[in-house]
Amino acid sequence: MKAAFAPTLEGWYERHRRDLPWRHTRDPYRIWLSEVILQQTRVAQGRPYYERFVEAYPTVTDLALADERELLRLWQGLGYYSRARNLHQTARYITEQLNAEFPATFDGLLSLKGIGVYTAAAVASFAFGERVPVVDGNVYRVLARVFGITEDITTTGAKKTFAKLASELIQPASDPATYNQAIMEFGAIQCTPVSPDCLLCPLQQSCNAYQTGRQQRLPVKAKKEPVRNRYFNYLVLRQNGKLVMRERTARDIWQNLYDFWLVETDEPITALTDLNLPDELAKLVQQGRLTGNPVPLTQLLSHQRIRGQFFLVDLPDTVSMPLPTGFGQYSMDEINQLPKPVLVTTYLNEWLG
Ligand code: SF4
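Because the structure is a prediction, the values reported are computed rather than measured. (Residues numbered from 1 in each chain as written. Predicted model: local features only at pLDDT ≥ 70, side-chain atom pairs only at ≥ 80, totals over all residues. Heavy atoms only, no water.)

**Student:** Quick one: what's the story with the overall build of the chain, residue by residue and with numbers?
**Tutor:** Within the chain, the regular secondary structure consists of 15 helices and eight strands. Looking at the chain as a whole, 49% of its 353 residues qualify as buried. For the chain, the proportion of contacts with a sequence separation of at least 24, taken over those separated by at least 6, is 69%. Accessible area for the chain stands at about 17,600 Å²; split by element, carbon and sulfur atoms hold 49% of it. Side-chain charges of the chain comprise 39 positive and 37 negative groups, with the mean position of each set lying 6 Å from the other. (Helix = DSSP H or I, 4+ residues; strand = E, 2+ residues; numbered from the N terminus. Buried < 20%, exposed > 50% of the residue type's maximum accessible area, 1.4 Å probe, protein only. Contact = heavy atoms within 4.5 Å. Areas by Shrake-Rupley, 256 points an atom, 1.4 Å probe, with all protein chains shown as cover. Lys, Arg positive; Asp, Glu negative; His and termini not counted. Charge placed at Lys NZ, Arg CZ, Asp CG, Glu CD.)

As structure tokens, then:
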């Protein structure tokens, strides 16, 4: 079975592969970019981001020289902003320290900050043809089902088991790059999480999960931690058409993105007066006018549900505004250029646009 596994998948891939832009290149920079964008992101969602990035930054040097704010703005909506910052840092390192040349081996790639085992294997095999297996969520699922592996895939022991098996399986492949693309594609469109297409599957006869009816039970994965609710109450101060915003600097979600004055509470609140504002800000608010009802919006992240409420307060032009440190007044044109969380962008587009 092990010997036939790679050729079977390569044959399947020839017939079923989707035509995706990053499959037409052997440029390590573009492959790396696509892999980073596609982590935690579906292909349909990631594709336009990839195309925009390649257009804005066609080479690793262009990315290295990018303005971080601009880069975060292009990234907006993909979430996990640390990925974008790491991308930038690594591009700078490659440009400045390695003469804009990617290391051409798995080990060399792995030594770069921000490039993990999966990405190093993807770039090494797709760009340089190195015989190293990629192991992502799709690969875990396919291998667990075909070979009936019941170890919890979140454990270190299981990771070793899968890595060893994956290294054996890639050996008979006619081309490591094609094989790696094939197994990931197979997991994405044939052996899918909820309804694998077993009836038309070329591995059916040898698939342990199919033969034992365990498709839904494999792979075994420990339960995710529960989603945490957070209540973000935003005070949106507007004067002369400008809004008061600040860059988020704390080590929390949305670092380096821009939002408004925030009061986070443990429970939902309904009135502006429930916000525990510092005295100066409370005085300022008293001189303004609350415009409309607070706007509730929710954004779901991987482990957090952010329940936002936006209180818009219009201030007369005559009021002088002592802004807290880190805050500034921005026109709508300026705000359009700032990187922002999706929650804030939705509010601006739908309520102030
Ligand atoms: S038979 Fe079903 S579970 Fe087994 S590899 Fe094929 S699609 Fe996946």
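This is not the end of the story, as more comes after the structure.
**Student:** Requested: an account of the pattern of salt bridges, with residues and values cited.
**Tutor:** Following the criterion strictly, the structure yields 13 salt bridges and no others. The salt bridge partner of Arg23 is Glu185, with a shortest N-O separation of 2.8 Å. Within this pair, whereas Arg23 is found in the loop between helix 1 (2-16) and helix 2 (28-38), its partner Glu185 is found in helix 11 (residues 176-189), the two being separated by 162 residues in sequence. Residue Arg23 shares its accessibility class with Glu185, and that shared class is buried. (Salt bridge = Lys/Arg side-chain N within 4 Å of Asp/Glu carboxyl O.)

**Student:** I'd love a proper account of the nonpolar core, names of residues and values included.
**Tutor:** Counting residues in each nonpolar core, the largest one holds 98 residues, and the members touching the most others are Phe5, Trp32, Phe53 and Phe260. Residues from two domains meet in this core; each of domain 1 (2-212) and domain 2 (228-352) gives at least three. Beyond its immediate stretch of four places on either side in the chain, Phe260 contacts Tyr234, Leu235, Val236, Leu243, Val244, Met245, Arg246, Phe310, Phe327, Val344, Tyr347 and Leu348. Leu277, Leu284, Val313 and Leu315 belong to the second-largest nonpolar core, a separate cluster that totals 18 residues. (Core = buried A, V, L, I, M, F, W, Y, C linked by side-chain atoms within 4.5 Å. Domains from an automatic or database assignment.)

**Student:** Go over the confidence of the model for the chain, please, and point to the residues and values.
**Tutor:** Here the chain averages 93 in pLDDT, and 100% of its residues register 70 or above. When mean pLDDT is taken per element in the chain, helix 4 (residues 60-64) scores highest with 98 and helix 13 (residues 279-286) scores lowest with 88. (pLDDT = per-residue confidence, 0-100.)

**Student:** Just give me the short version of unusual backbone geometry, but keep the residues and values in it.
**Tutor:** Omega for the bond connecting Leu218 with Pro219 falls within 30 degrees of zero, at 0 degrees, which places this linkage in the cis form. Looking at the element boundaries, Pro219 is found in the loop between helix 12 (208-212) and strand 1 (228-239). Phi is positive for Asn99, which is not a glycine, with a value near 60 degrees. Residue position: Asn99 is located in the loop between helix 6 (81-97) and helix 7 (106-110). On the basis of relative accessibility, which here comes to 67%, the residue Asn99 falls in the exposed class. Here Trp254, not a glycine, exhibits a phi torsion of approximately 65 degrees, which is positive. The residue Trp254 is located in the loop between strand 2 (242-247) and strand 3 (258-259) in this model. Its relative accessible area of 5% is what places Trp254 among the buried residues.

**Student:** An account of the pairing of strand 4 (residues 261-265) is requested, with residue identities and associated values reported.
**Tutor:** Alternating residues of strand 4 divide into Trp261, Val263 and Thr265, all buried, and Leu262 and Glu264, none buried. Judged from the five bridges that link them, strand 1 and strand 4 form a sheet pairing that is antiparallel. Along strand 4, the bridge assignment pairs Tyr234 with Leu262. (Pairing = 2+ DSSP bridges.)

**Student:** Just give me the short version of the UniProt feature "domain: HhH-GPD" (unreviewed entry) in the chain, but keep the residues and values in it.
**Tutor:** In this numbering, the UniProt entry assigns the feature "domain: HhH-GPD" (unreviewed entry) to residues 37-189. Helix makes up 67% of residues 37-189 and strand 0%. Its end C-alpha atoms lie 19 Å apart. (UniProt positions renumbered as here; feature names shortened; annotations may be inferred.)

**Student:** Report on the site of the ligand, specifying residues and quantitative values.
**Tutor:** Around the ligand, a shell composed of Arg145, Val146, Phe186, Cys191, Pro196, Cys198, Cys201, Gln204, Cys207, Tyr210 and Gln215 is seen. Residue classes in the shell around the ligand are distributed as eight nonpolar, two polar and one charged. (Near = heavy atom within 4 Å. Nonpolar A, V, L, I, M, F, W, Y, C, P; charged D, E, K, R; others polar.)

**Student:** I'd like a description of helix 8 (residues 117-128), backed by residues and values.
**Tutor:** Between its first and last C-alpha, helix 8 extends 16 Å over 12 residues, near the 16 Å set by a 1.5 Å rise per residue. Turning to helix 8, its buried residues are Tyr118, Thr119, Ala120, Ala121, Ala122, Val123, Ala124, Ser125, Phe126 and Ala127. Of the surrounding elements, those touching the buried residues of helix 8 are helix 2, helix 7 and helix 11. (Expected span 1.5 Å × (residues − 1).)

**Student:** Could you give me a rundown of helix 9 (residues 137-147), with the residues and numbers involved?
**Tutor:** Here helix 9 lies mainly inside the structure; nine of its 11 residues are buried. Within helix 9 the residues assigned to the buried category are Asn138, Val139, Tyr140, Arg141, Val142, Leu143, Ala144, Arg145 and Val146. Buried residues belonging to helix 9 abut helix 1, helix 10 (156-170), helix 11 and helix 12. Its side-chain oxygen at 3.1 Å from the backbone nitrogen of Asn138, Asp136 defines the N-terminal cap of helix 9. Just downstream of helix 9 lies Gly148, where phi reads positive at about 60 degrees. (Polar contact = N/O pair within 3.5 Å; in protein donor to acceptor, adjacent residues only side chain to side chain.)

**Student:** If you had to explain the domain arrangement of the chain to someone new, which residues and values would you point to?
**Tutor:** Each domain of the chain was delimited in the assignment, giving domain 1 (2-212) and domain 2 (228-352). Of note, the centres of domain 1 and domain 2, computed from C-alpha atoms alone, are 38 Å apart. Summing both partners gives a buried area of about 940 Å² for domain 1 against domain 2, and 51% of it is carried by carbon and sulfur. Its largest share of buried area at the contact with domain 2, domain 1 owes to Arg69, Gln76 and Tyr81, together 49% of the area lost on that side. (Buried area = accessible area lost by both parts, 1.4 Å probe.)

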